[in-house]
Amino acid sequence: MASIITQGQENVEKLSATFGGAPITEIATDYLSASINNPRRHISHGSIQDMVNGIEKAGGEILQPLLVRPIPINTQGQRYEVICGNRRLLAARQLGLPMVPVRVREMDDETAARFALWENLSREDLSPMDLAESINDLRRVERLSWDQIAERFGFSRQWGWKQQRLAELPSV
């Protein structure tokens with residue numbers, strides 16, 4: 001698992017460098033929507049409560065900005081899709097924060113999916129199912145075999161096969 005986290009952090013840094021240092025701005029939580037492609041499919045109430053507690057301890061501030069991208073304008077005005085930071089958004093809404101810090105980036109669907117996957121793989125608290133599903137999504141996005149995924153993360157082929165079997169389990 002440590003290898004996945006290290007690899008994930010390195011890739012997040014590479015992707016962050018690709019997008020440069022966009023300024024941090026604030027956007028109203030009402031204009032933010034969670035991505036339907038969020039790798040973290042199972043979010044526990046306890047996880048959100050931990051985030052709420054952390055924000056409260058920080059004086060009611062979110063210390064790490066969310067990464068968002070503009071989505072097509074409709075009759076209601078500009079909206080943004082949360083690429084990284086959905087749990088922070090949920091915690092902010094629970095606290096009643098009207099605005100959250102964000103970095104706005106233009107990116108295509110493939111880049112957004114890749115960034116979200118690597119960011120979530122760098123987290124230590126992913127469930128085994130979320131991990132397997134995220135790795136499977138990454139495999140599909142980057143068109144890699146399970147053997148290539150195992151090699152990329154520094155694990156055995158057997159580890160890759162186990163991830164494949166987990167990812168292929170039917171949803172409940």
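Residues numbered from 1 in each chain as written. Predicted model: local features only at pLDDT ≥ 70, side-chain atom pairs only at ≥ 80, totals over all residues. Heavy atoms only, no water.

Looking only at helices and strands, one finds seven helices and five strands in the chain. Reading the chain from its N end, one meets helices and strands in the order α-β-β-α-β-β-α-β-α-α-α-α. Per-residue burial for the chain yields a buried fraction of 45% across its 172 residues. When contacts within the chain are restricted to residue pairs at least 6 apart in sequence, those whose partners lie at least 24 apart make up 76%. Counting every atom, the chain has about 9,600 Å² of accessible surface; 51% of that belongs to carbon and sulfur. (Helix = DSSP H or I, 4+ residues; strand = E, 2+ residues; numbered from the N terminus. Buried < 20%, exposed > 50% of the residue type's maximum accessible area, 1.4 Å probe, protein only. Contact = heavy atoms within 4.5 Å. Areas by Shrake-Rupley, 256 points an atom, 1.4 Å probe, with all protein chains shown as cover.)

Applying the stated criterion across every chain, the model contains one cavity of 30 Å³ or more. There is about 70 Å³ of room inside the largest cavity. No other element matches helix α4 (residues 109-121), which puts four residues into the lining of the largest cavity. Taken together, the residues of the lining of the largest cavity sort by class into five nonpolar, two polar and three charged. (1 Å grid on protein atoms, 1.4 Å probe; cavity = no way out; pocket = protein on both sides within 12 Å on 5 of 7 lines; lining within 4 Å. Points joined across faces, edges and corners; volume = space filled by probe spheres on them. Nonpolar A, V, L, I, M, F, W, Y, C, P; charged D, E, K, R; others polar.)

This part is about the pattern of salt bridges. Here the structure, examined in full by the defined rule, presents three salt bridges. For the salt bridge of R69 with D109, the shortest nitrogen-to-oxygen distance reads 2.8 Å. Here R69 is found in strand β3 (residues 66-74), whereas its partner D109 is found in helix α4, with 40 residues between them in sequence. The salt bridge involving D147 is made with R157; its shortest N-O contact spans 3.1 Å. With D147 in helix α6 (residues 146-153) and R157 in helix α7 (residues 157-167), the pair connects residues that are 10 residues apart, well separated along the chain. Residue class for D147 comes out partly exposed when judged on its relative accessible area of 28%. (Salt bridge = Lys/Arg side-chain N within 4 Å of Asp/Glu carboxyl O.)

Positionally, N86 belongs in helix α3 (residues 86-95). Residues contacting N86, with those up to four places away along its chain left out, are A34, N38 and I43.

Next up on the list: the confidence of the model for the chain. Detailed reading of the predicted coordinates is not advisable wherever pLDDT is low. Confidence in the prediction of the chain, expressed as mean pLDDT, is 78, and 78% of residues score 70 or more. Helix α1 (residues 2-19) is the least confidently modelled element of the chain, averaging 48 in pLDDT, while strand β5 (residues 99-104) averages 94, the highest of any element. Between residues 1-9, whose pLDDT stays under 50, and residues either more than four places distant or in other chains, the model counts 22 contacts. (pLDDT = per-residue confidence, 0-100.)

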